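Listed below, chain by chain, are the residues.
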Amino acid sequence: MTPRWRNRLLAALALAVIVGAIYLPILRRRLQLAAKLQQQTTEQARRELTQAIPVNPGEPRVKAKLFWASGNGDGTLVESIAELPLSSDPVLSSKQVLNTLLAGPVNSDLRTLPPDAVLLAFYLLPNGTAIADFSEALATATPSGIQSEQLAVDSIARTLEANVPKVQRLKILIHGQEVETLAGHLDLMGTFLVNTKAVQVAPAAPAAAAPATKPGLRSGTLTPDKGPGKLAQAERNL
Amino acid sequence: MLDPAHGGTDPGARGTGGMRESEIVLDFAAQVRRALESQGFQVIQTRQGNQNPSFDDRSAIANAQNGAVFVTLHIASTGLPGTARVYVNTDLPAMTDAAAGLIPWDRAQTPFQALSRRLGDLVQALLAQRFKGSPSAAQTAAVRQLRTTAAPAIAVEVSSVVVEDRADLDRMAPGVADAIAAGVAEFRPSYVVPTIAGGTR
């Protein structure tokens, strides 16, 4: 090999080293990013896709009422106010308030719904029955228990009742399917009564009116004129 | 009827140190059973070991008995530790389509709702005396197990599996057992099996 060719070879090798030194960190960053993206759960990816709700920015900001846990550990809810540009369309406004509810309060200890849960779809039938389709995380990540499952449903029902008067009943689906229970206890086969003022309620059992909880903040209350302990009252027939 | 909830592949609520609701309620059931038997009641359990009968299978055992009361036992994963709550089923629509003397399976609890409320309030009041911070009256919830049960039926849920030491829960078992047994005994004189459309059970 002549010195001239040797120099050319050395120059080519040096160039390859320089290109490698520049490109390898970029490649490593890309690989790390790809790995990170893979770690994102399907639920999180779905959340990004489903949370973009078209809202007219011209909509006036209104004080939406959201119901999260009181933090007392006694299964009660407290009302929080959030200013949202709520749509005048009941389906869009339902999605807005439910997504805000799912996003959770500032204090994550007061969450009523799992952070990974996503509202996949929301429909409102002409008879006032809302169908809320949540991702599997609602069923798999809600703490198992009557109190915790009731709290989750109550927070959804009360938030809808407070912000979307057209919603009278609530049916919860998990990933498009009707399921027997939320997390092993609470019955999801029927609908939950949301707006008691607008719905003719089946006659209650005579002894069922005994107050179980304080009106207003307790999970067992929906409206002042409704017997406590009946929040998100399940119904069997539409 | 005593129903230790969950079992088999369904552990129920899971807590610190591998605590499983399905195992704890079985131990609670044994103590409740003794307390009820000491009051002269005959007790049937929906499961004796680590099996997981379906909701309907559990209800079927209860529905085959005449004059039974049904108590399903749970340990919560939330709530104030050291408290206990009684739940009765949410009000179900009246049975307008019931054939004479028959109760639709999926609304079997309907004719028993008032009785369940009375039983629940009695047991809850006794639990509140024993466990500070517990509600004074039974609460209402759409508990799946209760809906298909054709008997006065309550769910008793104790808080919770997140206690650091399993002994904290074990210490509650005698009080829970006494409250249930005393509540059922107090309920007994007022228990008249309701008349179903067209006849009695």
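Because the structure is predicted, anything quoted here is derived from the model rather than measured. (Residues numbered from 1 in each chain as written. Chains lettered and ligands numbered in written order. Predicted model: local features only at pLDDT ≥ 70, side-chain atom pairs only at ≥ 80, totals over all residues.)

Participant: If you had to explain the overall build of chain B to someone new, which residues and values would you point to?
Facilitator: Helix and strand content of chain B: six helices and seven strands. Secondary structure elements in chain B, listed N-terminal to C-terminal, are β-α-α-β-β-α-β-α-β-α-α-β-β. In terms of C-alpha radius of gyration, chain B reaches 16 Å, essentially the compact-globule figure of 17 Å for 201 residues. Dimensions along the principal axes, computed over C-alpha positions, put chain B at roughly 55 × 35 × 30 Å. Across the 201 residues that make up chain B, the buried fraction comes to 54%. (Helix = DSSP H or I, 4+ residues; strand = E, 2+ residues; numbered from the N terminus. Rg over C-alpha atoms; globule rule 2.2 N^0.38 Å. Buried ≥ 20, exposed ≤ 12 C-beta atoms within 10 Å, placed from the backbone.)

Participant: Lay out the overall build of chain A with the relevant residues and their values.
Facilitator: Scanning chain A from terminus to terminus reveals five helices and seven strands. In chain A, the succession of α and β elements from N to C terminus is α-α-β-β-α-β-β-α-α-β-β-β. For chain A, the residues scored as buried account for 39% of the 238 residues in total. For chain A, contacts bridging at least 24 residues in sequence account for 66% of all contacts bridging at least 6. (Contact = placed C-beta atoms within 7 Å.)

Participant: Tell me about the nonpolar core, and please be specific about residues and values.
Facilitator: Core analysis: the biggest nonpolar cluster contains 101 residues, and Leu170 of chain A together with Val32, Val123, Ile154, Val156, Val176 and Ile180 of chain B have the highest contact counts within it. When residues no more than four places from it in sequence are discounted, the contact partners of valine 176 of chain B are Phe28, Val32, Ala84, Leu127, Val156 and Val158 of chain B. (Core = buried A, V, L, I, M, F, W, Y, C linked by C-beta atoms within 7 Å.)

Participant: I'd like a description of the environment of serine 94 of chain A, backed by residues and values.
Facilitator: Residue and element names in this part refer to chain A. Mapping serine 94 onto the fold places it in helix H3 (residues 90-103). The sequence separation of serine 94 and alanine 132 amounts to 38 residues, and the corresponding C-alpha distance is 9.4 Å. Discounting chain neighbours no more than four positions away, the residues touching serine 94 are Phe122, Leu124, Ala130, Leu160, Val164 and Val167.

Participant: So what's going on with the sheet that holds strand E4 (residues 139-141) of chain B? Residues and values would help.
Facilitator: Read from one edge to the other, the open sheet built from five strands follows the order E1-E2-E5-E3-E4 (chain B), with strand pairing classed as mixed. Either end of the sheet is taken by a strand with one partner, and the two such strands are strand E1 (2-4) and E4 of chain B. Adjacent strand axes in the sheet meet at a mean angle of 30° when their direction is disregarded. Contacts from helix H5 (residues 146-163) of chain A reach strand E2 (70-75), strand E3 (84-89), E4 and strand E5 (153-158) of chain B within the one sheet, and its direction differs from that of E5 of chain B by about 100°. Across the sheet, helix H1 (residues 21-38) of chain B is in contact with E1 and E2 of chain B; its angle to E2 of chain B comes to roughly 135°. (Pairing = 2+ DSSP bridges. Axes fitted to C-alpha atoms, helices over the stretch in contact; angles between N-to-C directions.)

Participant: Any details on helix H6 (residues 173-187) of chain B? Residues and values, ideally.
Facilitator: It helps to recall that an α-helix has 3.6 residues per turn; residues three or four apart then point in one direction. Between the first and last C-alpha of H6 of chain B there are 21 Å, a value that for 15 residues agrees with the 21 Å anticipated at 1.5 Å per step. Along H6 of chain B, the residues that are buried comprise Ala173, Val176, Ala177, Ala179, Ile180, Ala181, Ala182, Gly183 and Val184 of chain B. (Expected span 1.5 Å × (residues − 1).)

Participant: Explain the pairing of strand E4 (residues 129-134) of chain A to me, using residue names and the numbers behind them.
Facilitator: Residue and element names in this part refer to chain A. Side chains of E4 alternate between two faces, with Ala130, Ala132 and Phe134 buried and Thr129, Ile131 and Asp133 left unburied. In sequence, strand E3 (residues 119-124) turns back onto E4 through a hairpin of four residues, with glycine 128 there showing a positive phi of about 90°. Bridge analysis of E4 against strand E5 (residues 169-174) gives six bridges, and the strand direction is parallel. Residue pairing in the sheet places threonine 129 in a bridge with arginine 169 of E5.

Participant: Account for unusual backbone geometry, with residues named and values stated.
Facilitator: Negative phi characterises most residues that are not glycine, and trans characterises most peptide bonds. The peptide bond linking serine 159 of chain B to serine 160 of chain B adopts the cis configuration, its omega dihedral lying at -10°. By secondary structure assignment, the location of serine 160 of chain B is in the loop between E5 and helix H5 (166-170). The phi torsion at histidine 175 of chain A lies on the positive side, around 50°, for a residue other than glycine. By secondary structure assignment, the location of histidine 175 of chain A is in the loop between E5 and strand E6 (191-193). The class of histidine 175 of chain A is partly exposed, set by 15 C-beta atoms lying within 10 Å. One non-glycine residue, histidine 6 of chain B, lies in the positive phi region at around 65°. One can find histidine 6 of chain B in the loop between E1 and H1. A count of 26 C-beta atoms within 10 Å places histidine 6 of chain B in the buried class.

Participant: Residue-level account of the environment of glycine 145 of chain A, with values.
Facilitator: Here glycine 145 of chain A shows up in the loop between helix H4 (137-141) and H5. Separated by 41 residues in the primary sequence, glycine 145 of chain A and leucine 186 of chain A place their C-alpha atoms 8.1 Å from one another. Excluding anything up to four places from it in sequence, glycine 145 of chain A contacts His185 of chain A together with Ala13, His74, Ala76, Ser77, Thr78 and Glu157 of chain B.

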